[in-house]
Amino acid sequence: MDFIVQNWLIIAIITMVVIWVVKIYNNLVSYKTQYQNGFEQISVQLKRRLDLIGNLVDAAKKYMEHEKETLMAVTQARSGLLQATQAAENNPGDANVMANLASSQVALEGAMGGFNLKMEDYPELKASENMMQLSEEMTTTENRIASARQGYNDLVQKFNEYKKSFPNVILAGLFGFSTDAQNLEFNESLEQLNEAPKDLFK
């Protein structure tokens, strides 16, 4: 009788351990999925912003016929950021991918800075109805990017904190979750770029 009781006790303990391990694994998967989905919201808004910049360049071509080098620099930087965004969609949270996305953002900021300086020589372009509308849409999009980025970073922190807690940290390595997810940080670059379209239309 005692032997049967001991066997059932062992089985019960093993079952509880298995359930506990499975729960930790499921939580890791869930938290990772959440921050990956969070990045999708950023991606949508980044692509929308890039579309608006493309429209901005198209509108400027009619006025800035002699500024081909400036317009080309914006177009190339825009293309680079689009590629970086697409790469990040495939592996959000990866440190190298996030760093590439941030550096591509800096490149676009530099190109837009040159574009803004040239725009000062074209007051009719700055005052056009099309440009004013693009300015409003850019402002709205930038606010959405900031909100989505904050949400993504919060989810990344949630994942990293859960993964690093004990004993989750031990199991996380065994399950292939040893690497921390990376926040998306634009430093001052995004804020400076955010101001660029607004400055154009003052």
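In the nomenclature of an unreviewed UniProt entry, the protein chain is known as LemA protein of Bathymodiolus thermophilus thioautotrophic gill symbiont. Turning to the protein chain, the UniProt record has this under Sequence similarities (unreviewed entry): "Belongs to the LemA family." Regarding the protein chain, the relevant UniProt record gives this comment under Subcellular location (unreviewed entry): "Membrane".

1. Digging into a nonpolar patch on the surface
Together, F3, I4, W8 and I11 make up a nonpolar patch on the protein surface, roughly 480 Å² of accessible area in all. By the element assignment, W8 lies in helix α1 (residues 2-61). The exposed category is assigned to W8, whose relative accessible area is 58%.

2. What to know about the pattern of salt bridges
Taken as a whole, this structure holds nine salt bridges when the rule is applied. The partner of K47 in a salt bridge is E89, with the nearest N and O atoms 2.7 Å apart. Taken together, the residues span a long stretch of sequence, with K47 in helix α1 and E89 in helix α2 (residues 68-90) at a distance of 42 residues. Residue R149 pairs with E185 through a salt bridge whose shortest N-O separation is 3.6 Å.

3. Quick notes on the UniProt feature "transmembrane region" (unreviewed entry) in the protein chain
According to UniProt, the "transmembrane region" (unreviewed entry) feature falls on residues 6-25. As a span, residues 6-25 carries 100% helix and 0% strand, and end to end its C-alpha atoms are 29 Å apart.

4. Description of the nonpolar core
Grouped together as the largest cluster of nonpolar side chains are 47 residues, with contacts concentrated most on F39, L101, F115, M131, Y152 and L184. If you list the elements that add at least two residues to this core, you get α1, α2, α3 (95-119), α5 (129-164) and α6 (168-174). Top contributing element to this core by residue count: α1, with 14 residues. Residues contacting Y152, with those up to four places away along its chain left out, are Y35, G38, F39, I42, P92, G93, M98, Q182, N183 and L184.

What counts as what
Residues numbered from 1 in each chain as written. Predicted model: local features only at pLDDT ≥ 70, side-chain atom pairs only at ≥ 80, totals over all residues. Heavy atoms only, no water. UniProt positions renumbered as here; feature names shortened; annotations may be inferred. Patch = residues over 30% accessible without salt bridge, like charges linked within 9 Å, V, L, I, M, F, W, Y side chains within 5 Å. Areas by Shrake-Rupley, 256 points an atom, 1.4 Å probe, with all protein chains shown as cover. Salt bridge = Lys/Arg side-chain N within 4 Å of Asp/Glu carboxyl O. Helix = DSSP H or I, 4+ residues; strand = E, 2+ residues; numbered from the N terminus. Buried < 20%, exposed > 50% of the residue type's maximum accessible area, 1.4 Å probe, protein only. Core = buried A, V, L, I, M, F, W, Y, C linked by side-chain atoms within 4.5 Å. Contact = heavy atoms within 4.5 Å.

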